[in-house]
Amino acid sequence: MSHAVCSPVRSSMSRRLLLAAGLGVLALGAQAQTALDTITKSKTIKIAIPTDYPPYGFVGPDMKPQGLDVAMAELIAAKLGVKVELVPVTSANRIPYLQTKKADLVISTLGKNPEREKVISFSSAYAPFYQAVFAPKSLTIKSFADLGGKTVAVTRGAMEDQELAKVAPATLEFKRFEDNNATIAAFAAGQTQVVATSAAVAGNLMQRQPGLNIEYKLLLKDSPCFIGVAKGEDALLAKVNAIVAAAKQGGELEALSKKWLGRGAGELPL
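Colleague: Looking at this structure, I do not really get the overall build of the chain. What am I missing?
Modeller: Counting its secondary structure elements, the chain contains 10 helices and 13 strands. Counting only residues that meet the buried cut, the chain has 44% of its 270 residues in that class. By sequence separation, contacts in the chain at least 24 residues apart represent 69% of the contacts at least 6 residues apart. Of the roughly 13,800 Å² that the chain leaves accessible, carbon and sulfur atoms contribute 57%.

Here you go:
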């Protein structure tokens, strides 16, 4: 009977395979380190918020961020028992910040749609939100066809940009800006005839500049706000959903909505 003898080559190969397997186990262990683990250990959560979108997020007289989204970020951090690091973002970069781990959560007037659901996860809704077309009362706009030949200011990549593009007549000229301040400033300065934005932002503009005499014209999308969570971070998502559910039942979401939007949260989808 012959006995198999391990050659030096085979023995070396076996060691390499064992080493590779060991490294694989270590890699899996590193991957198992979830965002919630990191937040718990560091005692800090990084939350992306808007600073150009009153009343959801803006810089106050004290130069500190404030608004409904900022308050919600602070609520989440408090319930988790950690400090919050607010990360200012725009409509265009808020999802990339989540994907590249520059933020643990996105609380930035984020609407949910199938395209976004492919790349990030969403919590239950925490606040009401809708986008619409606004223009001076002197301008007759009763249907999307009436936008033909006009110019509209929108924020690049925002939900209203995407939704209006689906229904706009071919002759509507889009003027896209990088943030909401630029969009509203362009419209207020008369660079466009129409603006597509959220009802909250339009309401803020009406209060600050009543001379523009603008009004709601057309609904684009009723799109409540959701919290964005990176794909695969199921533990963090479950924790956030539990906090949102408790805040909804306890009346905290209703209070935040009344404080910052002037109306209650209403029925919010899960």
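Back to the text.
Colleague: So what exactly am I meant to see when it comes to the packing of aromatic side chains here?
Modeller: Aromatic ring pairs are described here by two measures, namely the spacing of the ring centres and the angle between the planes. For the coordinates displayed, the defined rule picks out 6 aromatic pairs. Ring centres of Tyr53 and Phe129 lie 6.1 Å apart, and the angle between their planes is 20°; on these two criteria the pair is classed as stacked. Of this pair, Tyr53 sits in strand β2 (residues 52–53) while Phe129 sits in the loop between β7 (120–127) and β8 (130–136), and the two are 76 residues apart along the sequence. The buried category is assigned to Phe129, whose relative accessible area is 4%. Geometrically, the ring pair formed by Tyr56 and Phe129 is tilted, given 5.2 Å between the ring centres and 55° between the ring planes. Of the two residues, Tyr56 is situated in the loop between β2 and β3 (57–59) and Phe129 in the loop between β7 and β8; the sequence distance between them amounts to 73 residues. Its end group placed over the ring of Tyr97, Lys102 keeps NZ or CZ at 4.9 Å from the ring centre.

Colleague: Before we go on, may I ask you to explain the pairing of strand β11 (residues 194–198) in this structure?
Modeller: Within a regular beta strand, the side chains point alternately toward one face of the sheet and then the other, so they alternate between its two faces. In terms of burial, β11 is largely enclosed, as 5 of its 5 residues are buried. Sheet topology note: the β8/β11 ladder contains 4 bridges and is antiparallel. Considered in β11, the bridge of Val133 is made with Ala196. One ladder, built from 2 bridges, connects strand β9 (residues 151–155) with β11; its direction is parallel. Note on β11: the bridge partner recorded for Val152 is Val194.

Colleague: Is there a simple way to think about the sheet that holds β2 in this case?
Modeller: Whether parallel or antiparallel, the strands of a sheet pair through hydrogen bonds between backbone atoms. Judged by pairing direction, the sheet is antiparallel, and its 3 strands sit side by side in the order β2-β3-β4 without closing on themselves. With one partner strand each, in any of the chains shown, β2 and β4 (65–66) form the two edges of the open sheet. With 2 bridges connecting them, β2 and β3 associate as antiparallel partners. Bridge pairing in β3 links Tyr53 to Gly57.

Colleague: Where do I start with the environment of Ser91 in this structure?
Modeller: Within the secondary structure, Ser91 sits in the loop between β5 (83–89) and α4 (94–99). Overall, Ser91 belongs to the buried group, its relative accessible area being 17%. Sequence spacing of Ser91 and Arg156 is 65 residues, and the spatial spacing of their C-alpha atoms is 7.4 Å. When neighbours within four sequence positions are excluded, Ser91 is seen to be in contact with Thr155, Arg156, Ala158 and Asn180.

Colleague: Looking at this structure, how should I read the pattern of salt bridges?
Modeller: When their charged atoms lie close together, side chains carrying opposite charge are able to pair. Enumeration according to the criterion identifies 6 salt bridges in this entry. Here Arg156 makes a salt bridge to Glu178, at a shortest N to O gap of 2.6 Å. Here Glu178 lies in the loop between β10 (173–177) and α7 (180–188) and Arg156 lies in the loop between β9 and α6 (159–167), a separation of 22 residues in the sequence. Since its relative accessible area comes to 46%, Glu178 is described here as partly exposed. The shortest N-O distance in the salt bridge between Glu215 and Lys217 comes to 2.7 Å.

Colleague: Got a minute to help me understand α7 in this structure?
Modeller: Quick reminder: α-helices carry 3.6 residues per turn. Residues three or four places apart thus point the same way. If you check which residues of α7 are buried, you get Asn180, Thr183, Ile184, Ala186 and Phe187. Down the axis, α7 shows its buried residues gathered within 160° of arc, on one side only. The backbone nitrogen of Asn181 has a side-chain oxygen 3.2 Å away, supplied by the residue at the start of α7, namely Asp179. The first or second residue beyond α7 is Gly190, which carries a positive phi of 85°.

Definitions and limits used
- Residues numbered from 1 in each chain as written.
- Predicted model: local features only at pLDDT ≥ 70, side-chain atom pairs only at ≥ 80, totals over all residues.
- Heavy atoms only, no water.
- Helix = DSSP H or I, 4+ residues; strand = E, 2+ residues; numbered from the N terminus.
- Buried < 20%, exposed > 50% of the residue type's maximum accessible area, 1.4 Å probe, protein only.
- Contact = heavy atoms within 4.5 Å.
- Areas by Shrake-Rupley, 256 points an atom, 1.4 Å probe, with all protein chains shown as cover.
- Phe/Tyr/Trp six-rings, centres within 6.5 Å; stacked < 30°, edge-to-face > 60°.
- Lys NZ or Arg CZ within 6 Å of the ring centre and 35° of its normal.
- Pairing = 2+ DSSP bridges.
- Salt bridge = Lys/Arg side-chain N within 4 Å of Asp/Glu carboxyl O.
- Arc of directions from axis to C-beta.
- Polar contact = N/O pair within 3.5 Å; in protein donor to acceptor, adjacent residues only side chain to side chain.

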